[in-house]
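Geometric and topological summary
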Amino acid sequence: MAAAYPFCPACDFEIELDELDVDRGERIGCPECGVTLTVLRISPIELDIADEEVHEWRDS
Ligand SMILES: [Zn+2]
């Protein structure tokens, strides 16, 4: 099976990540654009842009 690397959702850079090297919920940095990404799931790896700013659900 060919290894399919995940793409950065911000810049579409193919990030050479092995699913054995990351854990779900782990944060990695995109080597291309430097955005912080969260590993949403493994196998296949799915990435999402992590919010650097604190995002809290608050009832006002
Ligand atoms: Zn990127």
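Report follows, based on the coordinates. All of these numbers come straight from a predicted model, not from anything done at the bench.

On to the sheet that holds strand β1 (residues 27-29). The antiparallel open sheet is built from three strands, whose spatial order is β1-β2-β3. Both outer strands of the open sheet, β1 and β3 (46-49), are each paired with one neighbouring strand and no more. Each strand of the sheet is rotated relative to its neighbour by a mean of 40 degrees, with strand direction disregarded. By the bridge criterion, three bridges tie β1 to strand β2 (residues 36-41) in an arrangement that is antiparallel. Each residue of the ladder has a partner; that of Arg27, found in β2, is Thr38.

Parameters and conventions
- Residues numbered from 1 in each chain as written.
- Predicted model: local features only at pLDDT ≥ 70, side-chain atom pairs only at ≥ 80, totals over all residues.
- Pairing = 2+ DSSP bridges.
- Helix = DSSP H or I, 4+ residues; strand = E, 2+ residues; numbered from the N terminus.
- Axes fitted to C-alpha atoms, helices over the stretch in contact; angles between N-to-C directions.

Distances and angles like these do not, on their own, reveal function.
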